[in-house]
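# Analysis of the macromolecular model
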Amino acid sequence: MKALIFKGKDKIEWTETMEPVIIEPTDIIVKIEGFTFSHADYRPYLGQDDSVAPDTIMGHEGVGVITAVGGSVINLQVGDRVAIGCIIHCNICQWCLRKAFAKCVNGGFILGTKINGTHAEFVRIPYGDNSVIKISSAMNLADALMLSDVLPTGYENVIKKVDFQNINNIAIIGDGPIGLGILLLINKYNKEVDVYGHHSKKLDYFEKLGAHKGYNSTKTSFDIKYDLVIECVGNDRGTFEQAQQMVNFNGTIITIGVFNKSVVFNLQQLWYQNITVHTGILNVYTLDELVAKIETKEISPMQLVTKAFNKNQVLQAYEAFMDKDMFKVMVKL
Ligand SMILES: [Zn+2]
Ligand SMILES: [Zn+2]
């Protein structure tokens, strides 16, 4: 089969490799129909994450059809179409029993990092019964691909943590796919949602999909106060401090961005503001709810996929995702 293989910093190849086989009785094999890229896929390539071994197949987002199941798989059959969750979980360890799947001692965020991932024609998924969700053959591929990571990230970190009754306005910091996914999930609450980013084309797209206003954060001061500030950038770009400037009295900061060094937390001011801060990795425990939202057309996450490529264009697709005007890039095999 063909797969996108990480070969070390600045080196990636779409090349022939061995097809995966069932190893554990809880495994399934999925023939990939399409996959998407994620910023996490680029950190090893850019030299920002040395925990991924060379020769690992990349990717943790994918949709496909099951071609083999291990002997103890109960709920899935060959031929089922599934969306793969980016968190593998066993459902029996101490953390899984608390629904903290990201910390699963037998899984967690391992696809494309510790084990071969979804950017391939076939992938082995451990604990198949728990780690994928069945979807109908009618579901649009681009909609289904957003179940792997983008939608549960926004749904679990924002919608599941906030009482929207006490919120009038919302700021999303970061004009990327995570922020856009959150906007699609928030739209039904009819709040005023402003977006702060650096890319005018992307900010326009946010406005088209329901945002009240897009602000170029390099040109604006942060005078408006928000009941909910959702930080989706991370690293050392000052966005966590920006969130602290923008949060209203009694407000909430949710920080989803991943940070690579320590950040300032102005507790000397914020103590008086009675704020709440949420942060953390997703657990992918809400896929059934998200499938229902897509099927009932409450959300249309395919709007996140702004470019599609075929199996002969995988490296072009990989490059395209680094373009600053891109949201999600899909490869259809
Ligand atoms: Zn991802
Ligand atoms: Zn577990």
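This is a predicted model, so every value here is computed, not measured.

### Considerations on the domain arrangement of the protein chain
Domain boundaries in the protein chain define domain 1 (2-149 + 283-332) and domain 2 (161-279). Each of domain 1 and domain 2 was reduced to a C-alpha centroid, and the two centroids are 28 Å apart. Counting residues at the interface gives 15 residues for domain 1, matched by 15 residues for domain 2. Carbon and sulfur atoms supply 70% of the area buried between domain 1 and domain 2, which totals about 1300 Å² over both sides. By the criterion of area lost to domain 2, the three top residues of domain 1 are Gln303, Leu304 and Phe327, representing 43% of everything that side buries. Across the contact surface, domain 1 and domain 2 share 2 salt bridges. The partner of aspartate 325 in a salt bridge is lysine 201, with the nearest N and O atoms 3.6 Å apart. Here domain 1 and domain 2 share 3 residue pairs in polar contact (both at pLDDT 80 or more) between them. The residue inventory of the side of domain 1 that touches domain 2, partitioned by class, reads 6 nonpolar, 3 polar and 6 charged.

### Observations concerning the coordination of the zinc ion (ligand 2)
Within the protein, the atoms that donate to the zinc ion (ligand 2) are Cys90 (SG), Cys93 (SG), Cys96 (SG) and Cys104 (SG), at distances of 2.3 to 2.4 Å. One way to put it: the 4 donor atoms around the zinc ion (ligand 2) meet at angles of 103 to 119°, and that makes the site tetrahedral. Linear spacing of the donor residues for the zinc ion (ligand 2) on their chain is C-x2-C-x2-C-x7-C. Judged by its relative accessible area of 2%, cysteine 96 falls in the buried class.

### Structural notes on the nonpolar core
Counting residues in hydrophobic clusters, the biggest one holds 58 residues, and the most contacted among them are Ile135, Leu147, Val158, Phe164, Ile186, Leu228 and Ile230. Elements represented by at least two residues in this core include exactly helix 3 (141-145), helix 4 (150-159), strand 9 (169-173), helix 5 (177-186), strand 10 (192-197), helix 6 (200-208), strand 12 (226-231) and helix 9 (287-295). Ranked by residues supplied to this core, first place goes to helix 5 with 6 residues. Mapping this core onto the domain boundaries places at least three of its residues in each of domain 1 (2-149 + 283-332) and domain 2 (161-279). Setting aside chain neighbours within four positions, we find isoleucine 230 in contact with Val158, Ile170, Ala171, Ile172, Ile173, Ile182, Ile186, Ile254 and Ile256.

### Describing the pattern of salt bridges
Counted by the stated rule, this structure contains 12 salt bridges. Across the salt bridge formed by aspartate 55 and lysine 7, the nearest N and O atoms sit 2.7 Å from each other. Placement of the pair is aspartate 55 in the loop between helix 1 (39-45) and strand 4 (56-57) and lysine 7 in strand 1 (residues 2-8), with a sequence separation of 48 residues. Among the salt bridges present, the one from glutamate 121 reaches lysine 311, with a minimum N-O distance of 2.9 Å. Linking glutamate 121 in the loop between strand 6 (81-84) and strand 7 (122-125) with lysine 311 in the loop between strand 15 (305-310) and helix 10 (314-320), this pair joins segments that are 190 residues apart in sequence. Overall, the relative accessible area of 17% leaves glutamate 121 in the buried class. Taken together, the shared-partner salt bridges connect Lys188, Lys293 and Glu298 into one network.

### Side note on the coordination of the zinc ion (ligand 1)
Donor atoms from the polypeptide that bind the zinc ion (ligand 1) are Ser38 (OG), His60 (NE2), Glu61 (OE) and Asp149 (OD), placed at 2.0 to 2.1 Å. Of note is the zinc ion (ligand 1), whose 4 donor atoms meet at the metal with angles of 99 to 129° in an arrangement that counts as tetrahedral. In the primary sequence, the donor residues of the zinc ion (ligand 1) line up as S-x21-H-E-x87-D. For the pair formed by histidine 60 and glutamate 61, the shared burial category is buried.

### Thoughts on the sheet that holds strand 4
The 3 strands lie next to each other as 2-1-4, forming an open sheet whose pairing is antiparallel. Two strands bound the open sheet, and with one partner strand each, they are strand 2 (11-16) and strand 4. Both strand 1 and strand 2 contribute to a ladder of 6 bridges, which runs antiparallel. Each residue of the ladder has a partner; that of phenylalanine 6, found in strand 2, is isoleucine 12.

Reading the values: rules and limits
Residues numbered from 1 in each chain as written. Chains lettered and ligands numbered in written order. Predicted model: local features only at pLDDT ≥ 70, side-chain atom pairs only at ≥ 80, totals over all residues. Heavy atoms only, no water. Domains from an automatic or database assignment. Contact = heavy atoms within 4.5 Å. Buried area = accessible area lost by both parts, 1.4 Å probe. Salt bridge = Lys/Arg side-chain N within 4 Å of Asp/Glu carboxyl O. Polar contact = N/O pair within 3.5 Å; in protein donor to acceptor, adjacent residues only side chain to side chain. Nonpolar A, V, L, I, M, F, W, Y, C, P; charged D, E, K, R; others polar. Donors = N, O, S within 2.8 Å, 3.2 Å for Na, K, Ca; no water. Tetrahedral: all angles 85-135°; square planar, octahedral: opposite > 155°, others 65-115°. Buried < 20%, exposed > 50% of the residue type's maximum accessible area, 1.4 Å probe, protein only. Core = buried A, V, L, I, M, F, W, Y, C linked by side-chain atoms within 4.5 Å. Helix = DSSP H or I, 4+ residues; strand = E, 2+ residues; numbered from the N terminus. Pairing = 2+ DSSP bridges.

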